[in-house]
Amino acid sequence: MNYSWNWAVLVQDPYVQWLVWGTEMTMAISIAALIIALVIGTAIGVLHSSDDRIVRSVMGAYISVFRNVPLLLQMFLWFFVVPEILPGGAGRWLKRDLPYPEIVTSIIALGLFTSSRIAVQISAGIDAVPRGQRMAARASGLSMLQVYRLVLLPQAVRIIVPPLTSEILTIFKNSSIALTIGVYELTAQTQQIQSMTYQGFEAFTAATVIYVTIALLVTLLMRGVERWTALPGTVSGGVSVQF
Amino acid sequence: MSSFDLSAISNSLPFLLEGLALSLMLTAVAMAGGLILGLLIAILRLSRLRLIAGLAALYVNGFRAVPLILVIFWFYFLVPLALGRPVGALYSVLVAFVMFEGAYYSEIMRAGLQSVRSGQWQAAKASGLSYLQTVRLVALPQALRKMAPLMVTQGVILFQDTALVYVVSLNDFMTSVTIVANNTNRPVEMYVFAALVYLLICLTGNAVASSLKHVRAIA
């Protein structure tokens with residue numbers, strides 16, 4: 001193995017700047033997608049736990065489709081197919097006037113893909129709350145919306161913090177797939193450094209270290225969240241969610 | 001946009017099927033290799049020697065912290081360098097997938113081995129079996145039955161992940177679909193068709209996984 005080391009390449013202009021931009025882009029699309037995923041995933045998960053069989057199967061179909069098509073293909077579908085099949089004005093707007101189309105598209109694709117996975121967790125979390133509580137809450141005069149908002153969801157979300165943590169870690173990793181539609185996130189930037197300088201070892205090591213650091217930060221943050229939100233008298237992580 | 005035109009799909013069907021065959025081959029090799037490597041890592045990770053267990057944990061957590069695309073790039077760059085001569089994308093991708101899946105399968109294996117009650121480990125030890133014999137003759141046969149559905153589920157995820165070899169232009173199903181989509185200028189038909197194919201295969205895999213949940217009993 002003959003390889004000429006040059007770690008200095010990582011702190012040279014413009015490569016250090018590329019690494020910073022890549023990290024910022026990875027953080028930005030992951031966090032934006034996470035917000036979408038949490039909002040939509042919670043809504044779908046709540047509806048999936050409803051007693052109405054039709055609602056439940058429609059939500060089940062949503063989850064099934066988004067979980068069983070590769071994320072890379074989902075990015076392509078949003079990027080190349082949706083603008084073509086949307087009627088007239090909307091399609092034209094997406095193709096011509098949407099600012100930063102690849103970034104917006106990757107956020108939507110990543111957000112919806114992850115929403116299906118979060119929906120499964122939310123729904124499992126709600127199921128893990130003893131059924132008597134739902135009935136008791138209804139019997140004491142709460143509306144269905146109040147039952148979810150005040151009784152079921154606060155407990156469900158606490159129960160699913162551990163699997164949610166791994167889903168958040170996954171979203172940062174999955175954001176790398178955005179490079180396939182031309183987003184210059186961290187992996188794309190290091191790949192570019194590799195092809196410009198042939199210092200692949202240094203470039204990929206930098207990316208690996210940054211991803212590991214992000215993973216450690218997220219894990220620490222979520223452990224903090226778990227501790228701060230723990231209810232007295234409950235054991236956290238008591239329910240395991242299977243996928 | 002003109003109406004849905006299926007001729008792009010039918011005209012390039014042999015090419016697409018070749019791509020699909022490569023995707024399935026990648027899945028099979030990565031699954032077989034990943035299972036063997038995963039078992040090995042799980043055994044090391046449950047070892048009582050701290051250093052060995054620690055190294056195995058480092059391997060697993062390292063691979064689980066980085067995106068698969070980065071792992072593919074890593075090995076695409078490293079494998080030719082390590083061998084001192086250029087090799088095709090296929091070999092580096094195979095190595096990347098086996099190493100990456102090994103980390104994930106080892107977690108499934110570890111949970112399976114740990115689910116075997118400690119009394120059985122003690123009983124096996126008391127009857128004179130070594131650690132490896134206990135794993136092979138007592139723990140593994142039970143763990144494998146319990147873990148079979150999860151292994152298949154992981155296989156479905158792995159099959160979806162093989163689409164990522166697109167980044168090193170290996171002609172798997174996904175890459176073949178993009179090539180046909182570009183050549184025929186029919187992205188809508190091609191990508192919708194690809195989505196349906198992936199959906200069908202993954203749903204079948206999931207059905208197999210859930211049917212395995214019911215055949216658990218030890219014959």
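K.L.:
Before we go on, may I ask you to explain the overall build of chain A in this structure?
P.N.:
Helix and strand counts for chain A stand at 10 helices and 0 strands. Sequence-ordered secondary structure for chain A, helices as α and strands as β, is α-α-α-α-α-α-α-α-α-α. If one aligns the C-alpha atoms of chain A with their principal axes, the spans along those axes are about 70 × 50 × 30 Å. Taken over 243 residues, chain A has a buried fraction of 47%. About 12,000 Å² of surface is accessible on chain A, with carbon and sulfur atoms providing 66% of the total. Across chain A, the mean location of the 15 positive side-chain charges is 14 Å away from that of the 12 negative side-chain charges.

K.L.:
Can you walk me through the side chain of Glu189 of chain B in this structure?
P.N.:
Structurally, Glu189 of chain B is set in helix α9 (residues 187-212). For Glu189 of chain B, the side chain forms a polar contact with the side chain of Arg186 of chain B, separated by 3.1 Å.

K.L.:
Looking at this structure, how should I read a nonpolar patch on the surface?
P.N.:
On the surface, a cluster of nonpolar side chains totalling about 350 Å² of accessible area is made up of Met27, Ile31, Ile35 and Val39 of chain A. Looking at where Ile31 of chain A falls in the secondary structure, it is placed in helix α1 (residues 15-48).

K.L.:
What should I look at first to understand the pattern of salt bridges in this one?
P.N.:
Where charged atoms from two side chains of opposite charge approach closely, those side chains can pair. Under the counting rule described, the total for this entry stands at 6 salt bridges over all chains. Measuring nitrogen to oxygen at the nearest pair gives 3.8 Å for the salt bridge that ties Arg131 of chain A to Asp51 of chain A. Of this pair, Arg131 of chain A sits in helix α6 (residues 131-139) while Asp51 of chain A is found in the loop between α1 and α2 (53-67), placing the two residues 80 residues apart along the sequence. Among the salt bridges present, the one from Glu107 of chain B reaches Arg45 of chain B, with a minimum N-O distance of 2.7 Å. Of the two residues, Glu107 of chain B is situated in helix α5 (residues 89-115) and Arg45 of chain B in helix α2 (residues 13-45); the sequence distance between them amounts to 62 residues. No difference in accessibility class separates Glu107 of chain B from Arg45 of chain B, as the two residues are buried. Salt bridges here are not isolated pairs; linked through shared partners, they connect Arg45, Glu107 and Arg110 of chain B.

Each value, and the rule that gives it
- Residues numbered from 1 in each chain as written.
- Chains lettered and ligands numbered in written order.
- Predicted model: local features only at pLDDT ≥ 70, side-chain atom pairs only at ≥ 80, totals over all residues.
- Heavy atoms only, no water.
- Helix = DSSP H or I, 4+ residues; strand = E, 2+ residues; numbered from the N terminus.
- Buried < 20%, exposed > 50% of the residue type's maximum accessible area, 1.4 Å probe, protein only.
- Areas by Shrake-Rupley, 256 points an atom, 1.4 Å probe, with all protein chains shown as cover.
- Lys, Arg positive; Asp, Glu negative; His and termini not counted.
- Charge placed at Lys NZ, Arg CZ, Asp CG, Glu CD.
- Polar contact = N/O pair within 3.5 Å; in protein donor to acceptor, adjacent residues only side chain to side chain.
- Patch = residues over 30% accessible without salt bridge, like charges linked within 9 Å, V, L, I, M, F, W, Y side chains within 5 Å.
- Salt bridge = Lys/Arg side-chain N within 4 Å of Asp/Glu carboxyl O.

Distances and angles like these do not, on their own, reveal function.
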